Amino acid sequence: MVWAVALLAACGSEAGTSTETGGGGTTASSTTGGGDTSSSSSISSSPTTTSDGTSTSTSTSTSDSSTSSPTTTGDDSAPDWVSEVPEGGGWFELTASEPFEQWAAANLEPATGYLGSSPIGAVRDAYCNPIFDHAGKAFYMFGGGHSDSSINAVFKLDAKTLKYSIAVPPTPPSAYPPAYVAPNSPIVYPSGASNGFFQSAETLTDPADTPFAAPFAAAQASHTYSAMSFVDGKLVLHYGPVRDADVVNGTWTYLDKDTYGPQLVEFDPNYGEAVLQSGTHTANDPETGKAWTTLVSGDAGLNWRTRVLVIEPTTHTIEEVVNAPWDVNGSSSIVVGGPYVYLFTPTVADDAKTSTRGWRIDKATLAVEHLTLTGDLPSWPDGAPTQESVPVFHDGTRLNFWNYSVDADRDAFFRLDLAPASGTGTQEDPYVLTAERDQRPVSTMPAPALSYDLTYIDDWGVVLFLPKASAKLWAIKL
């Protein structure tokens, strides 16, 4: 794994452009597919891209919010492994699971040819957070990029069976054009053709290019931070070039180098027409399907980008831009909890970051209220190479902060009472919320790779977590 402190500088050049890199290899039919019936031999549809790689779909800056589709089913049947996790215990290793890196190494075909410092491990470890499909009870992983990995496959983890599969096959190394010699190389074909993506024979018409035609048009591997949604059988990546991976059909169905930039300037020209930047963080609402996404200045230095976007991921539409006198940055945590979306930005003092302030947005009215946090609060070294923001999840009653990079805190949660102790919610008189440390038994969980979120599976009452690519799965009950 490449240390995150080095990646911070590296992802600057990646995030500020719309041509991130990627690649991969073919996969065996026995392991491919987003569902039980998917296989590599079933790929027959082509992504809906134009000759320049952009999608034929059209996005506008307004949308009827009623188009959102819920992503939960209310299924409360828990698999057997959930009963093994002790009530009120600490982090529990699921020994029946298999390390992701080990599984992928045995199931990717060909086994070699990928580019990068850690081709398989970087899918999880290099600035990538898996996205959870609440309805299908599965996690999907897409990551790597920059100097870390060229594997652009989408991997699936079935939360019920704890088994991995390949939902969207990677671009095989045999289809890498000659100029593509590193994960951060531009994808340029011998004729000079380039649209930012791996192209198929459908768009590569020059005879010099056709030997390198990919099986289907595909996105490059990239960092994802925690900026993905999952709706209607598709993984949607909001950061950088917007990309949809159809995990049912095993293809990419939307590839657009700059979906949100033109929409943003329609709201206000000061936002600038650029892709969403490094550090973008998305909170997905399982009730409505909306993607609440931080708009940060990132490497583009767009100072007006300190906002929160309400995105309809099925249509790639920015429905609203929520504005308030706050400091939204690449270290911000954002989470959906009941009728509100909560946003937390750390304060820095004495070379330490501490979660002391926040805001809540009413999902129905978009009204913003200010929060001050007191009590037991997570704190970590400023500039820590393994932690940027604090994962926060809602368990139906409280918000839970997890300070994973500090050894003493890895087996504890900071549980925030959402009933204000005082205040009126204004900037001058914010609501005061109190946090209490919930210390759990000490576990042997390995130090996680840079992580942006934990997912609480409400139907089962557990958090299921992959700390790093080389680890087995871990779970905890609150």
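Look up a bit, the structure's there.
**Student:** Quick one: what's the story with the packing of aromatic side chains, residue by residue and with numbers?
**Tutor:** Under the counting rule described, the total for this entry stands at 25 aromatic pairs. Here the aromatic rings of Tyr127 and Tyr225 are separated by 5.6 Å at their centres, their planes lie at 75°, and the arrangement is edge-to-face. Taken together, the positions of Tyr127 in the loop between helix H4 (122-125) and strand E2 (131-133) and Tyr225 in the loop between strand E5 (163-168) and strand E6 (228-231) put the pair 98 residues apart, joining distant regions of the chain. We note that Tyr127, like Tyr225, is buried. Ring geometry for Phe132 versus Phe139: centroids 4.6 Å apart, planes at 45°, classification tilted. An identical accessibility class is assigned to Phe132 and Phe139; each is buried. In textbook terms, an aromatic cluster arises when at least three aromatic residues are bridged by ring pairs, as seen for Trp91, Phe393, Trp402, Tyr404, Phe413, Tyr456 and Phe465.

**Student:** Mind laying out helix H3 (residues 100-107), listing which residues take part and the relevant values?
**Tutor:** Those residues of H3 not exposed but buried are Phe100, Trp103, Ala104 and Asn107. Seen end-on, H3 carries its buried residues on one side only, within an arc spanning 95°. Considering only its buried residues, H3 is in contact with H4, strand E3 (138-141), strand E4 (154-158) and E5.

**Student:** Would you mind going over the sheet that holds strand E9 (residues 251-256) in detail, with residue names and values included?
**Tutor:** Read across the open sheet, the 4 strands follow the order E6-E7-E8-E9; overall the sheet is antiparallel. Looking along the sheet, the strands with just one partner apiece sit at the ends: E6 and E9. The mean angle between the axes of side-by-side strands here comes to 15°, regardless of whether they run parallel or antiparallel. In this structure, E6 lies alongside strand E7 (residues 234-237), joined through 4 bridges in antiparallel fashion.

**Student:** Give me the sheet that holds strand E25 (residues 456-457): which residues, what numbers.
**Tutor:** One open sheet holds the 4 strands; their spatial order is E1-E27-E26-E25, and the pairing between them is antiparallel. The open sheet has two edge strands, strand E1 (92-93) and E25, and neither has a second partner. Of the pairings in the sheet, the one linking E25 to strand E26 (residues 462-465) comprises 2 bridges and is antiparallel in character. Bridge pairing links Tyr456 to Val463 in E26.

**Student:** So what's going on with helix H5 (residues 260-267)? Residues and values would help.
**Tutor:** Looking at H5, one finds that the buried residues are Tyr260, Gly261, Gln263 and Leu264. Projection of H5 onto a plane perpendicular to its axis shows the buried side chains occupying an angular sector of 160°, all on one side. On its buried side, H5 packs onto strand E8 (242-246), strand E11 (291-295), strand E12 (307-312) and strand E13 (317-322).

**Student:** An account of unusual backbone geometry is requested, with residue identities and associated values reported.
**Tutor:** Even without being glycine, Lys137 reaches a positive phi, approximately 50°. As for its position among the elements, Lys137 is in the loop between E2 and E3.

**Student:** Outline the side chain of Ser331, supporting the account with residue identities and numerical values.
**Tutor:** Checked against the element boundaries, Ser331 lands in the loop between E13 and strand E14 (333-337). Residue Ser331 is classed as buried on the basis of its relative accessible area of 13%. In this structure the side chain of Ser331 is engaged in a polar contact, spanning 3.2 Å, whose partner is the side chain of Lys353. Not counting residues within four places of it along the chain, the set of residues in contact with Ser331 comprises Phe344, Pro346, Lys353, Glu388 and Ser389.

What counts and how
- Every chain begins its residue count from 1, and numbering advances along the sequence as written.
- For this predicted model, a pLDDT threshold of at least 70 governs which residues receive local features, and a threshold of 80 or more governs which side-chain atom pairs are given and counted, while totals over whole chains, interfaces and linings are taken from all residues.
- The side-chain figures draw on all heavy atoms in the structure; neither hydrogens nor water molecules are used.
- Working definition: a ring pair exists when centres of Phe, Tyr or Trp rings (six-membered ring for Trp) sit within 6.5 Å. Plane angles under 30 degrees give stacked, over 60 give edge-to-face, the rest tilted.
- A run of H or I in DSSP counts as a helix once it spans at least four residues, and a run of E counts as a strand once it spans at least two, with each numbered from the N terminus.
- Relative accessible area decides the class of each residue, using a 1.4 Å probe on protein chains only: under 20% of the type maximum gives buried, over 50% gives exposed, and in between gives partly exposed.
- What the arc measures is the spread of directions leading from the helix axis to the C-beta atoms.
- Here a residue-residue contact requires only that any non-hydrogen atoms of the pair lie within 4.5 Å.
- A pair of strands counts as paired when DSSP detects no fewer than two bridges linking them.
- Here an axis means a line fitted to C-alpha atoms, over the contact stretch when the element is a helix, while the angle between two N-to-C directions is reported on a 0 to 180 degree scale.
- Pairing of N or O atoms within 3.5 Å defines a polar contact, subject to two protein rules: one partner must be a possible hydrogen donor and the other a possible acceptor, and residues neighboring in sequence count only if both atoms are side-chain atoms.

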